[in-house]
Amino acid sequence: MKVLKVIGASVIDGAPLMLLMIALIWVFSLGSTQVKDTDYRISQAAYAYTREIISYGLTFVNTDDEVMTTIQKWKDDRWGAQIGALRVLCANDFDYVKSLGGLGSGQRICRLIK
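Remember, predicted model here, so these are calculated numbers, not experimental data.

Undergrad: Pulling in residues and values, what's your account of the overall build of the chain?
TA: The helix and strand inventory of the chain stands at six helices and zero strands. If you list the helices and strands of the chain from N to C, you get α-α-α-α-α-α. A burial count over the chain gives 24% of its 114 residues as buried. A sequence separation of at least 24 residues applies to 53% of the contacts in the chain between residues at least 6 apart. Total accessible area on the chain stands at roughly 8500 Å², and carbon and sulfur atoms take up 65% of it.

Undergrad: Could you give me a rundown of the environment of D77, with the residues and numbers involved?
TA: Looking at the element boundaries, D77 is found in the loop between α3 (64–76) and α4 (80–92). Judged by relative accessible area, which is 41%, D77 ranks as partly exposed. Separated by 2.8 Å, the side chains of D77 and K73 make a polar contact.

Undergrad: Any chance you could break down the state of the cysteines for me, citing the residues and the numbers?
TA: Per the stated rule, a full pass over the model turns up one disulfide. Two residues share a disulfide in this structure: C90 and C110, whose sulfurs sit 2.0 Å from each other. An S-S torsion of about -100° defines the bridge between C90 and C110 as left-handed. In this pair, C90 sits in helix α4 while C110 sits in helix α6 (residues 105–113), placing the two residues 20 residues apart along the sequence.

Undergrad: A description of helix α2 (residues 48–57) should follow, citing residues and the corresponding values.
TA: Turning to α2, its buried residues are T50, R51, I53 and I54. Seen along its axis, α2 keeps its buried residues to an arc of 155°; they face one direction. Turned more than 90 degrees from where α2 packs its buried face, Y49, E52 and Y56 sit exposed.

Undergrad: Which residues make up the nonpolar core, and what values do they have?
TA: Counting 20 residues, the largest nonpolar core has I54, L58, I71, W74, L86, L100 and I109 as its most contacted members. Elements with a minimum of two residues in this core: α2, α3, α4, α5 (94–99) and α6. Looking at this core, the element that brings in the most residues is α4, giving five residues.

Undergrad: Could you give an account of α6, with specific residues and numbers?
TA: All buried positions along α6 are accounted for by S105, G106, I109, C110, L112 and I113. Down the axis of α6, the buried side of the element spans an arc of 160°, and every buried residue falls inside it. Elements in contact with the buried residues of α6: α3, α4 and α5.

About the criteria used
Residues numbered from 1 in each chain as written. Predicted model: local features only at pLDDT ≥ 70, side-chain atom pairs only at ≥ 80, totals over all residues. Heavy atoms only, no water. Helix = DSSP H or I, 4+ residues; strand = E, 2+ residues; numbered from the N terminus. Buried < 20%, exposed > 50% of the residue type's maximum accessible area, 1.4 Å probe, protein only. Contact = heavy atoms within 4.5 Å. Areas by Shrake-Rupley, 256 points an atom, 1.4 Å probe, with all protein chains shown as cover. Polar contact = N/O pair within 3.5 Å; in protein donor to acceptor, adjacent residues only side chain to side chain. Disulfide = S-S within 2.5 Å. Arc of directions from axis to C-beta. Core = buried A, V, L, I, M, F, W, Y, C linked by side-chain atoms within 4.5 Å.

Encoded structure:
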């Protein structure tokens with residue numbers, strides 16, 4: 001009987017501590033989610049301007065060949081903003097560069113502007 005009373009007392013006495021531990025775990029899990037979200041937003045914002053330069057320059061381009069021709073023209077005419085933006089995107093946001101054309105276009109674009 002005494003053992004049951006001791007066990008019962010320790011469970012009741014430990015309840016606030018357990019509640020505190022659960023609350024702390026919950027708070028810290030929210031914090032890590034917010035940090036990940038903030039990091040994602042920063043990485044998206046960091047290259048938003050370079051993406052806009054490229055998307056504006058390729059507004060009327062419809063095919064992969066036209067994309068490559070336009071980028072070659074930028075390179076030949078020494079259009080620094082466009083070529084510089086593509087270099088930044090090749091180094092830091094390759095997924096966007098791949099989305100500019102079809103299969104294998106990302107590698108071709110990055111090779112072309114080097």
